[in-house]
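Reading the structure
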2 protein chains.
Amino acid sequence: MKKTSLLLVALFLQVGYTAQAQQEPVNLDIVNKIKKEGLENSKVMETAFYLTDVNGSRLSGSTGLARANNWTKKQLTEWGLKNARLEEWGEFGKGWEFEKSYVAITAPYYQHLIATPKAWTPGTNGLQKGEAMLVTVEKEEDLAKYKGQLKGKIVLVSNPREATTTFEADAKRYAEEDLAKIAEPPVAAPAGQNNNANSRREQYLAMMQLRTKVSDMLKAEGAAAVLSSRGGLHGTHYTSNGAPYAVDAPVALPELEMGTEDYNRLVRLLKAGQKVELELETKTKFLDSDLKGYNVLAEIPGTDRKLKDEVVLIGGHIDSWHASTGATDNAAGVAVMMEAMRILQATGIKPKRTIRIALWGAEEQGLHGSRGYVKKNLGDPATMKLTKAHEKFSAYYNLDNGTGKIRGIYTQGNEQVAPTFEAWLAPFHEMGAKTVTLKNTGGTDHLSFDAVGLPGFQFIQDEIDYDTRTHHTNQDSYDRLQADDLKQASVIVASFIYHTAMRDKKLPRKPLPAPKPAL
Amino acid sequence: MKKTSLLLVALFLQVGYTAQAQQEPVNLDIVNKIKKEGLENSKVMETAFYLTDVNGSRLSGSTGLARANNWTKKQLTEWGLKNARLEEWGEFGKGWEFEKSYVAITAPYYQHLIATPKAWTPGTNGLQKGEAMLVTVEKEEDLAKYKGQLKGKIVLVSNPREATTTFEADAKRYAEEDLAKIAEPPVAAPAGQNNNANSRREQYLAMMQLRTKVSDMLKAEGAAAVLSSRGGLHGTHYTSNGAPYAVDAPVALPELEMGTEDYNRLVRLLKAGQKVELELETKTKFLDSDLKGYNVLAEIPGTDRKLKDEVVLIGGHIDSWHASTGATDNAAGVAVMMEAMRILQATGIKPKRTIRIALWGAEEQGLHGSRGYVKKNLGDPATMKLTKAHEKFSAYYNLDNGTGKIRGIYTQGNEQVAPTFEAWLAPFHEMGAKTVTLKNTGGTDHLSFDAVGLPGFQFIQDEIDYDTRTHHTNQDSYDRLQADDLKQASVIVASFIYHTAMRDKKLPRKPLPAPKPAL
């Protein structure tokens, strides 16, 4: 199976890359210096420690994020980077943080539960005690039956989930056959997919409208708080926001998210007609003294007279969700990108182009930091009105898929860049990174650059336990980081940006996209 | 591999069982009735739901255990069993339960932690705030350096643990080769093992003495509370007792147990010289109005004039630890044993011998319920003074290894009984139960019977996630139960006790052991 897969990759490379025949140069002397610094003197785990354990969670608009922004700016300066700064990307909205989270069953018998207030929900104003009530609304008419019954109740609104038993490992790495599959050329979307997407979008909007009606009724009827679950097992649970962060957004009810088992227990008890009493207390705080959002930026200035105004950018988002310390999402990416800069700085490399690092804010709420940066500095995807800096921009590299080592890179359909990346990955085959795919990957900040026709890339990373344990959960903490993986990623990124900065030409681009007016 | 393993089993059976040549009868008509009732009309998950979700945790001496005792007595009566009763097994000590558990980091930044008060520790008397402090004592002289520094501190005393990433599944079932290994005859302990055991015992005693000295110092110096960890990952943590339950035991400090990641974070911060502030609140209650311990007993009376005074006993402990609802340890065993009785009752079987069910108390503190029962009713292992009932006793079957289905049975070295169990397992081979081993297994209530020379057996069960997620953890809840496994176990137990009750003779016994005076 392994041999077959490798053969497929080779075949694909031959077919796909004939357009560009010249050999992409690789400076192995520099690569070896980067490896030595990055593997023997690594500071990536120390950086991650400060971002997670010491700093804590970094929700957009929170003091946690503000502190992390200031710390990274200071750290980058201490490493000798130039012009480290916080740069406003636009208006975010209300900040929010929490200062207490407690919930327990008090009847039939005491049991403390594992839960976290949803972001941007208000606190309970002290310890509240109340009866639990299951509210099942599948259509608007279902609302009527709860009329007059919700006063002071602690309401369960989500459906129970299956609490699977994990006969498969939480964590995994890509096998050769997985990588071969990723390397396969993308296939066009089948006919009718747009119709499906539209239909799904309509269903989603209808569901959201119904949810709003449920929320309005719960508030109008005087429910005390809401409990909900979006899964997670064995003490792990997912978190998200429970209300908008817009300045003028109305205040929601206090709401806590919890894991599958605790939530299911409450549902089972209520469905069996058992009286369930709960006590809970959350303290939360809205922050409105500064409604702006920020990115952290710093540079290793270019040294070539003609090329120093051109920019190679690397980054990852520094904001996180709030239930843990956002280790794999995305202190990992931040620590690796900072470490790549540190490595280049420590090895005394003088890049031709300017290398910039950007630690984005508010990625979790919609890539706001990187979108704001692109719009302000490079071009507006709505109009495709582009700046001078757009012309001077070589490439953006992003890291935001957890703690796993780099196994390759997504070219986002940029065929011309593929042979270059192949060449740059060659010295890292022995470290497991060798896959170049024309496929797109989504979900994070490289998309902001791709949207204005600039080369924006995300690396392929081993999944480890991102989907089962860490991504947006209360268990995304330092101990989930894989030190060796982060070291490997740091040296690969350092080498990529070095070579991008030293290349004769900027990286090749895809054709400019058409303007995409905001919906 | 599988074929080789099966061959080994067959070989072993030929060598091991030649002593008893007559064919053990199996009533397949009854077996089919039992399967039908147990698989098609099962109530085992309903019973488990009442024991876990509805009842809650069942710590020895708690009101939770008292309520579960009363509920099982009532339920067994409703099913038509006779003489359901609570029977005192002896003096236990102080009861204990908790009514609040909350702990959080407040500096450097708020983070709620997952933790549970250790059993028999006092509460904090309201919300306490304090600085965290790491106390590392490897020898008695280390105590001196903390003198005068512990007042009001929240002290961390255990070592950090490795927070592994789970590239292996949490849950597993026995493969054929695992079962073949279990079926291999036991090997004698290698020479010198006793010396090793003694040396380990001495080390353990020395460690316990040092711990007591640390505890005494923490109390004397006025530490506010203790945090410790014995492992567990991703929100799962282990629990235990933090002080003795003896009536005259001195009051310890408030102490909470937590999982690996939360604990490690605190240790890392403290080792890095970071100031860590915590807030915590536990409310706990000591119960001393009834210091006795109880077992729940009920019967299907025997109907054979000569044999009805003979007893077949089945059971499992009903007490649990307190951080969750004790689903796999051991509501599972209780629900299966109750279900086996219900199945026999429902099928209208008239056993020759009396079949009794016993739900033991205080197993977790040292098999107290079953030991008390044996000493009171059957014989004293310290003197080997035996009762008349000892003579009338056929066998005891126990279930206490989690939610996994039955894969066979441990004979505890009773060679004569092996062919009987082989015959009785034959109708259940298709359901995965076929292994009979001469090996011993320990750790639970069948040992109390073995200690006075009576046939006491524990079934072999699939492990599922007992060792990784449920055993003594805060995640031992209803959702971890495997319904199909519990149904399978119920019909096998029902068939075993039916055949034990109908057999011409009581089950064969091993030679009586020598008296073992208490240390």
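Just so we're clear, the structure is a prediction, and the values are computed from it rather than from any experiment. (Residues numbered from 1 in each chain as written. Chains lettered and ligands numbered in written order. Predicted model: local features only at pLDDT ≥ 70, side-chain atom pairs only at ≥ 80, totals over all residues. Heavy atoms only, no water.)

1. A closer look at helix α3 (residues 44-54) of chain A
In terms of residue burial, α3 of chain A counts as a mostly covered element, since 9 of its 11 residues are buried. Of all the positions in α3 of chain A, only Val44, Met45, Thr47, Ala48, Phe49, Leu51, Thr52, Asp53 and Val54 of chain A are classed as buried. Along its buried surface, α3 of chain A packs onto α4 (63-78), α8 (327-346) and α14 (483-502) of chain A together with α7 (260-271) of chain B. In the stretch just after α3 of chain A, Gly56 of chain A is the one whose phi turns positive, near 85°. (Buried < 20%, exposed > 50% of the residue type's maximum accessible area, 1.4 Å probe, protein only. Helix = DSSP H or I, 4+ residues; strand = E, 2+ residues; numbered from the N terminus. Contact = heavy atoms within 4.5 Å.)

2. Let's talk about the relation of the copies chain B and chain A
Overlay of chain B on chain A (RMSD 0.0 Å): rotation 180°, translation along the axis 0.0 Å. On this basis, the relationship between the two copies can be described by a two-fold rotation axis. Of all interface residues in chain B, 100% are interface residues in chain A too; the two copies therefore contact each other through one and the same surface. (Least-squares fit on C-alpha atoms with pLDDT ≥ 70 in both.)

3. Examining the domain arrangement of chain A
All names here are of chain A. Domain parsing of chain A yields domain 1 (17-92 + 291-502) and domain 2 (95-163 + 195-287). On a C-alpha basis, the centres of domain 1 and domain 2 stand 36 Å from each other. Contacts between the two partners involve 22 residues from domain 1, matched on the other side by 22 residues from domain 2. The junction of domain 1 with domain 2 conceals about 1,700 Å² of combined surface from both sides, 55% of it contributed by carbon and sulfur atoms. (Domains from an automatic or database assignment. Buried area = accessible area lost by both parts, 1.4 Å probe.)

4. Some details on helix α4 (residues 63-78) of chain B
Residue and element names in this part refer to chain B. Under the 1.5 Å per step criterion, the end-to-end length of α4 is 22 Å for 16 residues, consistent within 8% with the ideal 22 Å. All of the buried residues along α4 are Gly64, Leu65, Ala68, Asn69, Trp71, Thr72, Gln75 and Leu76. Taken together, the buried residues of α4 touch α3 (44-54), β1 (82-91), β2 (95-107), β10 (292-300), α8 (327-346) and β12 (354-360). The N-terminus of α4 is capped by Ser62, whose side-chain oxygen sits 3.3 Å from the backbone nitrogen of Gly64. Count one or two residues on from α4 and you reach Gly80, which has phi positive near 100°. (Expected span 1.5 Å × (residues − 1). Polar contact = N/O pair within 3.5 Å; in protein donor to acceptor, adjacent residues only side chain to side chain.)

5. Regarding the packing of helix α2 (residues 28-40) of chain B against α8 of chain B
Residues and elements named next belong to chain B. The N-to-C vectors of α2 and α8 enclose an angle of 120°; their axes lie 9 Å apart at closest approach. Between α2 and α8, the angle is such that the two are oblique. Crossing of α2 over α8 shows right-handed handedness. Residue-level contacts link Ile34, Glu37 and Gly38 of α2 to Glu339, Arg342, Ile343, Leu344 and Ala346 of α8. (Axes fitted to C-alpha atoms, helices over the stretch in contact; angles between N-to-C directions. Parallel < 35°, antiparallel > 145°, perpendicular 65-115°, else oblique. Left-handed = near helix turned anticlockwise from the far one by under 90°.)

6. Structural notes on the interface of chain B and chain A
In this complex, chain B contributes 65 residues to the contact, which on the side of chain A involves 65 residues. Carbon and sulfur atoms make up 50% of the area that chain B and chain A hide from each other, which totals about 4,900 Å². Area buried by chain B at its contact with chain A is led by Tyr109, Phe167 and His234 of chain B, which between them contribute 15% of it. Summed over the shared surface of chain B and chain A, the number is 8 salt bridges. Salt-bridge contacts for Arg268 of chain B lead to Asp53 of chain A; the nearest nitrogen and oxygen are separated by 2.4 Å. The interface formed by chain B and chain A includes 36 residue pairs in polar contact (both at pLDDT 80 or more). Those elements that place two or more of their residues in the side of chain B that touches chain A are α3, α4, β2, β3 (111-112), β4 (115-117) and α7 of chain B. Each residue belonging to the side of chain B that touches chain A can be placed in one class, and the counts come to 21 nonpolar, 27 polar and 17 charged. (Salt bridge = Lys/Arg side-chain N within 4 Å of Asp/Glu carboxyl O. Nonpolar A, V, L, I, M, F, W, Y, C, P; charged D, E, K, R; others polar.)

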